[in-house]
Amino acid sequence: MTTTPGPHAVPQVAMSSTSTLVTRTGSWKYQMPAYHDRVAPCNARCPVGIDIEGYMNLLREGRVDEARDLLLTENPLPAVTGRVCHHPCENACNRHALDGAVAIHAVERMLGDLAHQRPAPVVRGTPRAERVAVVGSGPAGLACGYHLARLGYGVTIFESADAAGGMLRLGIPEYRLRRDVLDRDIARVAAHGVEIKCGVRVGTDIAWSELTKSFNAVCISTGAHTSRALGVPGEDLAGVRPGLAFLREVNSGKRPALGQRVLVVGGGNTAMDCARSAMRLGAKVTVAYRRTREQMPAIKEEIEDAMREGAEFVFLANPLSFNETNGRVSAMVCERMALGEPDASGRRRPVPTGEQFTLEADTVLTAIGESSALQNFFPDVEGSDSGLRVDALGGTTRDLLYASGDVTDLERTVADALGAGKRAAIGIDRHLRHHHGDTAELNALRFAEGNLSAARWSGRDPIRRTAPLNTVVKPDDLNFTQFRRVERHADPHLPSDLAAQGFDEVNAGLSAADAMDEAQRCLNCGVCTECDVCLIFCPDAAITHAEGGAYVVAMDYCKGCGICAAECPRGAITMTQDRP
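Presented here is a report on the structure given in the accompanying data block. As the structure is a computational prediction, the values presented were derived from the model and not from experiment.

It is worth spelling out the overall build of the protein chain at this point. Within the protein chain, the secondary structure is distributed over 20 helices and 21 strands. Once the C-alpha set of the protein chain is aligned to its principal axes, its extents read approximately 120 × 60 × 45 Å. Taking all 580 residues of the protein chain together, the buried fraction comes to 54%. As presented, the protein chain carries roughly 25800 Å² of accessible surface, and 50% of it is formed by carbon and sulfur atoms. Counting 63 positive and 72 negative side-chain charges, the protein chain places the averaged centre of each group 1 Å from the other.

Take the packing of helix α2 (residues 52-60) against helix α3 (residues 64-74) next. Contact geometry for α2 and α3: axes closest at 8 Å, N-to-C directions at 170°. Taken as axis vectors, α2 and α3 run roughly antiparallel relative to one another. Of the residues in α3, those touching α2 at G54, Y55, L58 and L59 are V64, E66, A67, L70 and L71.

What follows deals with the packing of aromatic side chains. Two numbers describe a pair of aromatic rings. These are the distance of the centres and the angle of the planes. For the structure on display, the rule yields 4 aromatic pairs. Aromatic side chains Y35 and Y551 sit 5.7 Å apart centroid to centroid with 25° between the ring planes, which places their arrangement in the stacked category. Here Y35, found in strand β1 (residues 32-35), pairs with Y551, found in strand β20 (residues 551-553); they are 516 residues apart in sequence, far enough to count as distant. Using a relative accessible area of 10% as the deciding quantity, one classes Y551 as buried. Stacked on the ring of Y175, the Lys or Arg R280 has its end atom at 3.9 Å from the ring centre. Its end group placed over the ring of F357, R336 keeps NZ or CZ at 4.2 Å from the ring centre.

One pass over the full model with this rule turns up 42 salt bridges. A salt bridge links R68 to D69; the shortest N-O distance between them is 2.8 Å. Overall, R68 belongs to the buried group, its relative accessible area being 6%. Notably, a salt bridge pairs D540 with K559, separated by 2.4 Å at the nearest N-O pair. Taken as a pair, D540 in the loop between α19 (533-537) and β19 (543-545) and K559 in the loop between β20 and α20 (563-567) lie far apart in primary sequence, 19 residues in all.

Turning our attention to α2. Among the 9 residues of α2, 8 are classified as buried, and the element is accordingly described as predominantly covered. Within α2 the residues assigned to the buried category are I52, E53, G54, Y55, M56, N57, L58 and L59. Where α2 is buried, its residues meet α1 (41-45), α3, α5 (88-92), α6 (104-117) and α18 (512-521). Positive phi shows up at G62, right after α2, with a value of about 80°.

Sheet architecture is open: 5 strands sit in the order β4-β3-β2-β5-β18, paired in parallel fashion. Every interior strand has two partners, whereas the edge strands, β4 (195-198) and β18 (401-403), have only one. Sheet twist, expressed as the average angle between the axes of neighbouring strands with direction ignored, equals 20°. Relative to β4, strand β3 (residues 154-159) runs parallel, the two being bridged by 4 bridges. Residue pairing across strands places E159 opposite C198, the latter belonging to β4. Here helix α14 (residues 414-432) sits on the sheet and contacts β2 (131-135), β5 (217-220) and β18; the angle it forms with β18, its principal contact strand, is near 160°.

What is expected of a backbone is that most residues other than glycine have negative phi and most peptide bonds are trans. Of note, the phi angle at H87 is positive, near 35°, even though the residue is not glycine. Within the secondary structure, H87 sits in the loop between α4 (78-84) and α5. Even without a glycine there, the phi angle at D532 is positive, about 75°. Turning to its location among the elements, D532 is positioned in the loop between α18 and α19. The class for D532 is partly exposed, based on a relative accessible area of 22%.

Rules and cut-offs
- Residues numbered from 1 in each chain as written.
- Predicted model: local features only at pLDDT ≥ 70, side-chain atom pairs only at ≥ 80, totals over all residues.
- Heavy atoms only, no water.
- Helix = DSSP H or I, 4+ residues; strand = E, 2+ residues; numbered from the N terminus.
- Buried < 20%, exposed > 50% of the residue type's maximum accessible area, 1.4 Å probe, protein only.
- Areas by Shrake-Rupley, 256 points an atom, 1.4 Å probe, with all protein chains shown as cover.
- Lys, Arg positive; Asp, Glu negative; His and termini not counted.
- Charge placed at Lys NZ, Arg CZ, Asp CG, Glu CD.
- Axes fitted to C-alpha atoms, helices over the stretch in contact; angles between N-to-C directions.
- Parallel < 35°, antiparallel > 145°, perpendicular 65-115°, else oblique.
- Contact = heavy atoms within 4.5 Å.
- Phe/Tyr/Trp six-rings, centres within 6.5 Å; stacked < 30°, edge-to-face > 60°.
- Lys NZ or Arg CZ within 6 Å of the ring centre and 35° of its normal.
- Salt bridge = Lys/Arg side-chain N within 4 Å of Asp/Glu carboxyl O.
- Pairing = 2+ DSSP bridges.

Written as structure tokens, this is what we have:
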């Protein structure tokens, strides 16, 4: 090529008669990118086993009804858990490292309430001849019955109380869980064909032996309803009573007289419910706990609400005895504790200091834990003081007898109970179908180390996954520079002075619009959302859109530089030396 000399002339350059496509730069590489869907930490930490990232992604795409349905695949009571779950998913949320965890509980509550207004279709598997009895209609029993019904089984739930719900109805006050919300979630379970017989006490109205003869399998989900005793002098005085019995009375609509000064002993959720309920009855409440606030097992928000509403706390206080006046409790004698080495729970052990002090009281509510008294009915079933012992699928040491929820020796939260009920349903289904999978098969049903997925077990998982890897995405796997900071929406609460005057719901929940905003804050950890960042940053233009979605990498031109993986916002690309 020649040009006329001059100041603005084009210099001589080499021209190719082809294109850069003939230069296959990919032959240089020793590693290559691969797209993998990995596990978001919220999914791995959810005791229920909900595909949280999955429904968040559906909401991001505006597929609200599909998000609702995916949530209901794993959780029969989302309006309940949206209000009372301790949401460990949020503690695990990678967005903590950016600007605060996504308010997952608020999104779940929005979807749960939406399912009341716009019910999802009832899902039933191929009808099966076998029938299953579930004893107890708390969260574990309802979950077990719900999932079994969706697998095609006939299910009857036996409940000794007059209404279903177990501890959800008897133990949780209405200011945390409205009864109309609970009733609607339970109605969904019944709509799946689950028969719920209330006012029937198994062991009294119907023999356990009759139950095991009449049904092909039995799942015990009776909960833990016996308050543990303090074991100190004066505990039998008038005015000292189990906190759980007090909550049952209040939740049944009664308003017991407590006097002006109420002491609550304990640091768990039952203690917080006792304290807040007692304040609503006009008492001045002090909570005595033998460790410090940092070691309290209660949900953090419940502690904050109790403090906001006026409860006082005395930490490092261990009851020694009760004083009486005219046969009624008048004070609790305590010993000052100090924190020692961690115990089996991982919390620092309280150790006595020898210092004593006294707290005056008109009523003392004890809430140091609950136990089940079921061992007497099944002396041949292995268990301990903590409850019945079960395997990974809720099986006890007796054939076709399963157990789930607080009656076992596992974690005692609403979410854990729902997850345990689902595991028992899968275990019963597996047994009745004579299906004997191995541990690897069960692990494939989990989100990493989390709970089992009903969607995966039933083969009805609607989420398309790209070369899934069952590993959890950590903050270091994400590229936070690709996300803008967005402040988390805070739950609107009743003013504290108004809240403590009655039993109206305290947390009003986010509006639907704000909840959808929260869903947009989800980082979709480990999952490709087809955001095109990899395509834009690839210096070799080796990444293009694939037909039908996702991407394809032209390996003949990819040099394995790793820029796509480094720039990927969500950790959905890994560099590998494995040839495709």
